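Topology and contacts: notes
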Amino acid sequence: MAKVTLEFEKPIFELEQKVEEMRKYADNPDIAQEIEKIEKRVNQLQRSIFSGLTRWQKVQLARHPERPYTLDYINLMTTDFLELHGDRTFKDDKAIVAGFAKLDGHRVMMIGHQKGRDTKSNLYRNFGMPNPEGYRKALRLMKLAEKFKKPVITLLDTPGAFPGLEAEERGQAEAIARNLYEMSHLKVPIIVVIIGEGASGGALGIGVGDRILMLEYSWYSVISPESCSSILWRSWDYKEQAAEALQLTAPDLKKQGIIDEIVPEPLGGAQRDHAKAAAILKGQLLAELKHLSKIKIDKLIEKRIEKFSKMGEFSG
Amino acid sequence: MAWFRRSKENIAPATAKKEMPDGMWTKCDKCDEIIHKMELEQHMYTCPKCDRHFRIGSKEYFKILFDDGTFKEYDHKMRSVDPLKFKDTKRYRERIPDAIKKTGLYDAVRWGTGKMNERNVVIACMDFAFIGGSMGSVVGEKIGRAIDRGWKTKTPVIIVSSSGGARMMEGAYSLMQMAKTSAKLARLGDAGIPFISILTDPTTGGVTASYSMLGDVNLAEPGALIGFAGPRVIKQTIGKDLPPGFQRSEFLLEHGFVDMIVHRKEMKGTVSTLLSLMTQ
Ligand SMILES: [Zn+2]
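Residues numbered from 1 in each chain as written. Chains lettered and ligands numbered in written order. Predicted model: local features only at pLDDT ≥ 70, side-chain atom pairs only at ≥ 80, totals over all residues.

1. Things to note about the overall build of chain B
How we decide: Under the scheme used here, helices are H or I runs from DSSP no shorter than 4 residues and strands are E runs no shorter than 2 residues, and both carry numbers assigned from the N terminus. In this treatment the radius of gyration is a C-alpha quantity, and the globule benchmark scales as 2.2 Å times the residue count to the 0.38 power. Exposure classes come from backbone-placed C-beta atoms, where a residue is buried if 20 or more other C-beta atoms lie within 10 Å of its own, exposed if 12 or fewer do, and partly exposed in between.
The helix and strand inventory of chain B stands at ten helices and eleven strands. Relative to a compact globule of 280 residues, whose C-alpha radius of gyration would be 19 Å, chain B shows 18 Å and is just as compact. The principal-axis extents of the C-alpha atoms in chain B amount to approximately 45 × 45 × 40 Å. The proportion of buried residues among the 280 residues of chain B is 51%.

2. Thoughts on the overall build of chain A
Note the cut-off: Whether two residues are in contact is decided by their C-beta atoms, placed from the backbone, lying within 7 Å.
On a plain count of helices and strands, chain A comes out with 14 helices and nine strands. Whereas a compact globule of 316 residues would reach a radius of gyration of roughly 20 Å, chain A reaches 21 Å, a difference of no more than 12%. Overall, the C-alpha framework of chain A stretches about 65 × 50 × 45 Å when taken along its three principal axes. Within chain A, the fraction of its 316 residues that count as buried is 50%. The contacts of chain A with a sequence gap of at least 6 include a subset with a gap of at least 24, amounting to 71%.

3. Topic: the interface of chain B and chain A
The criterion, for reference: Two strands pair under a simple rule: DSSP has to find at least two bridges between them.
On the chain A side, the residues contacting the 56 residues of chain B number 44 residues. Breaking the side of chain B that touches chain A down by element, the ones donating at least two residues are strand S4 (79–80), helix H6 (137–153), helix H7 (171–190) and helix H8 (231–238) of chain B. Of the residues forming the side of chain B that touches chain A, the biggest block, 17 residues, is contributed by H7(B). Here two bridges tie strand S9 (residues 314–315) of chain A to S4(B), and the two strands are oriented antiparallel to one another. Counted as the bridge partner of Phe314(A) is Ser80(B) from S4(B).

4. Here we look at the confidence of the model for chain B
Close inspection of predicted coordinates is inappropriate in any region flagged by low pLDDT. Residue and element names in this part refer to chain B. Put simply, the test is: Per-residue confidence from the predictor is reported as pLDDT, which spans 0 to 100.
Per-residue pLDDT for chain B has a mean of 93; in total, 92% of the residues score no lower than 70. Predicted confidence is poor over residues 1–16, with pLDDT under 50, and the contacts of this stretch with residues over four places away or in other chains come to 43 contacts. Across the assembled chains, the prediction reports ipTM 0.97 with pTM 0.95.

5. Some thoughts on helix H4 (residues 58–65) of chain B
Residues and elements named next belong to chain B. To keep things clear, this is the line we draw: In this description, one arc is meant: the one made by directions from the helix axis to the C-beta atoms.
When H4 is considered as a whole, its buried residues turn out to be Ser-58, Tyr-61 and Leu-65. Looking straight down H4, one finds that the buried residues subtend no more than 65° of arc, so they occupy a single side. Buried residues in H4 make contact with strand S5 (109–116), strand S6 (119–126), strand S7 (157–163) and helix H10 (264–279).

6. Here's the deal with the packing of helix H8 (residues 172–184) of chain A against H7(B)
This is how it is decided: In this description, a line fitted to the C-alpha atoms serves as the axis of each element, helices being fitted only across the stretch in contact, and the angle between N-to-C directions of two axes falls anywhere from 0 to 180 degrees. The scheme is simple: roughly parallel for angles under 35 degrees, roughly antiparallel for over 145, roughly perpendicular for 65 to 115, oblique for anything else. The hand of a helix crossing depends on one turn: near helix anticlockwise from the far one by less than a right angle means left-handed, and clockwise means right-handed. The nonpolar class holds Ala, Val, Leu, Ile, Met, Phe, Trp, Tyr, Cys and Pro. Asp, Glu, Lys and Arg form the charged class, and all remaining residues, Gly among them, are polar.
Contact pair H8(A) / H7(B): the axes reach a minimum separation of 8 Å and the direction vectors enclose 60°. Between H8(A) and H7(B), the angle is such that the two are oblique. Crossing of H8(A) against H7(B): the hand is right-handed. Facing Ala177(A), Leu180(A), Tyr181(A) and Ser184(A) of H8(A), the residues of H7(B) in contact are Met178(B), Ala179(B), Ser182(B), Ala183(B), Leu185(B) and Ala186(B). Across the contact of H8(A) with H7(B), the residue classes tally to eight nonpolar, two polar and no charged.

7. Digging into unusual backbone geometry
Residues and elements named next belong to chain B. A cis amide bond, omega -15°, links Asp-201 with the succeeding residue Pro-202. Checked against the element boundaries, Pro-202 lands in strand S8 (residues 195–204). With a phi close to 60°, Tyr-45 is a non-glycine residue in the positive phi region. Position of Tyr-45 among the secondary structure elements: in the loop between helix H3 (37–42) and H4. Unlike most non-glycine residues, Glu-118 shows phi in positive territory, near 70°. Mapped onto the secondary structure, Glu-118 falls in the loop between S5 and S6.

8. Quick look at H7(B)
Side chains of residues three or four places apart in an α-helix project in the same direction, reflecting 3.6 residues per turn. All names here are of chain B. The condition that has to hold: Expected span of a helix, by definition, is 1.5 Å for each gap between consecutive residues, and there is one gap fewer than residues.
Relative to the 28 Å expected for 20 residues at 1.5 Å per residue, H7 spans 30 Å between its end C-alpha atoms, a close match to the ideal helical length. The buried fraction of H7 amounts to 17 of the 20 residues, a majority that puts the element mostly inside the structure. Downstream of H7 by a residue or two, Gly-192 has a phi angle that is positive, lying close to 75°.

9. What about the pairing of strand S1 (residues 79–83) of chain A?
All names here are of chain A. Where burial is concerned, little of S1 is hidden: zero out of the five residues are buried. Pairing of S1 with strand S2 (residues 96–103), which is carried by three bridges, proceeds in the antiparallel orientation. Note that in S2 the partner of Thr-79 across the bridge is Lys-102.

10. Let's talk about the domain arrangement of chain A
Keep this limit in mind: Where a domain begins and ends is set by an automatic assignment or by a domain database.
Looking at the assigned domains, one finds that chain A contains domain 1 (10–52) and domain 2 (58–309). Taking only C-alpha atoms, the centre of domain 1 of chain A and the centre of domain 2 of chain A are 36 Å apart.

11. Considering the pairing of strand S4 (residues 152–158) of chain A
Residue and element names in this part refer to chain A. With seven of seven residues buried, S4 is to be regarded as a mostly interior element. Here strand S3 (residues 106–113) pairs with S4 via four bridges, running parallel. Paired with Ile-111 across the bridge in S4 is Thr-154. As defined by bridge partners, S4 adjoins strand S5 (residues 190–199) across six bridges and the pair is classed as parallel. Within S5, the position partnered with Thr-154 by the bridge is Val-192.

12. Considering the environment of Gly69(B)
Residues and elements named next belong to chain B. Following the sequence through the fold, Gly-69 ends up in the loop between H4 and strand S3 (72–74). Classification of Gly-69 by C-beta neighbours within 10 Å gives exposed; the count is 7. Sequence separation of Gly-69 and Gly-114 is 45 residues, and the distance between their C-alpha atoms is 8.4 Å.

13. Details of the environment of Tyr106(B)
All names here are of chain B. With respect to the helices, strands and loops of the structure, Tyr-106 is situated in the loop between helix H5 (92–103) and S5. Given 21 C-beta atoms within a 10 Å radius, Tyr-106 is considered buried. Between the alpha carbons of Tyr-106 and Met-38 there is a distance of 27 Å; along the sequence they are 68 residues apart.

14. Remarks on the environment of Glu226(A)
Residue and element names in this part refer to chain A. Here Glu-226 is to be found in helix H10 (residues 225–233). Residues Glu-226 and Thr-54, 172 residues apart in the sequence, show an inter-C-alpha distance of 15 Å. Once residues within four sequence positions are removed from consideration, Glu-226 is found in contact with Trp-236 and Lys-239.

Shown next, in the form of structure tokens:
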């Protein structure tokens, strides 16, 4: 696949390309020294660019087409993953994938939104936008996990629930609402990770849990910056301002008390090093599982309901 | 969750919009019948000729559902604090007082306790007139407290919805109100206490995708727009005109998402009968 470069990454890629060319002459000690110098500069540049990213730039990273998706994380973090299909009522929604897997010593139920990388796979995955049967498949498999006392890990990465005619006929709203209700008192630990795009109810539909983690360059909000721009500014041109106003990045949500932990990404973003991104996330998940497994389930559900009850700011 | 797109036409109740110059007469926007204010009130703000249900607010609905003189309101003055310092073409900090001034309400929901045909109930009712009935922290918190009251006092909970969805100006806080209200309903449900959801025109977005669809019984007023995505967005997605009656109460009944369509005049009686069947 052709490398995709975001506008703000360009100076980094230019230097990196220069280094690549120079490597041909690396036998020359002068050039080798020069390479070392430039590499240092690349690193510095990367640090400085990535420490000053705007919210909109982070949204772009969250949507980077080379970013690891749910199945990438599952493949890199777990063994014995068996994908299970269908909601037993209507069909199998390809925008949500799920199945049992082993995360080191833990047997878990993995559930996540799944995007495609090219036009064909995106059409197959409906761009990661689930229909009601996707949420119902997720719920069926959560119930299965509950039956066999296995923790649930959900990975959120969707531009939204599909706003289609048939989605309405089959009760998109009811499917999401039902999941919020059932996840609130599911009798096994649930860990939620926002790995890319967390757009509104479509994301939250598999997003209620005991611990909410968020990757460094992902976003999570009530609406996408584009839709927000089109509604409040009545134009598609204010997406940058909308992203700022919505405060939808991981540090924003941590400050708002909506997520528990920010999961760091490799320098330059998860798309640059899938294996490392997955290893960092896996480490965090193992620590969370260890901690959650010590809490009695009734207490855990009580704390889960309390956790969401506390979200919000008001006076009087 | 695009309440704002429609807000210009919808910000005021349909009754107010159609009022005649002297304010005593209203024209039905469905059948053109001219109706006197007194008659409209007698008919619970439905058209005596064609049964069109006009949009009403919590004040009118509380009067319809509670026995006279039994209603006690809680958290009346709870209001938004603009947690994100949100600014689009206008500051949210200014939108709130403007909406308060215009509607005489503090946010888009009110709740209280009282009697319904002599039975104790908790009722929360949304006001579409307040920023399109959008759900932010205040709506979520007040709905949550109403549910908690039902849970703690073992009293049935009734929520009357009308909303354009989640309130954008509170970002992820608004989104989380969906989880918050649903979590509290799960606790209510586990305690075996009934929850009746009444859906009125319009109920869309995050409110539909949380408590409105979670009734042990979902009742809808006739002809109400009920859905997840707004009709405009769906039309854009599919690039076709939507079939007549799409996302109306009758459509939801047909597809299995509401239990009954109930005329406003029969709402109180129907809910009372349901509760007596469910609890005794
Ligand atoms: Zn009429």
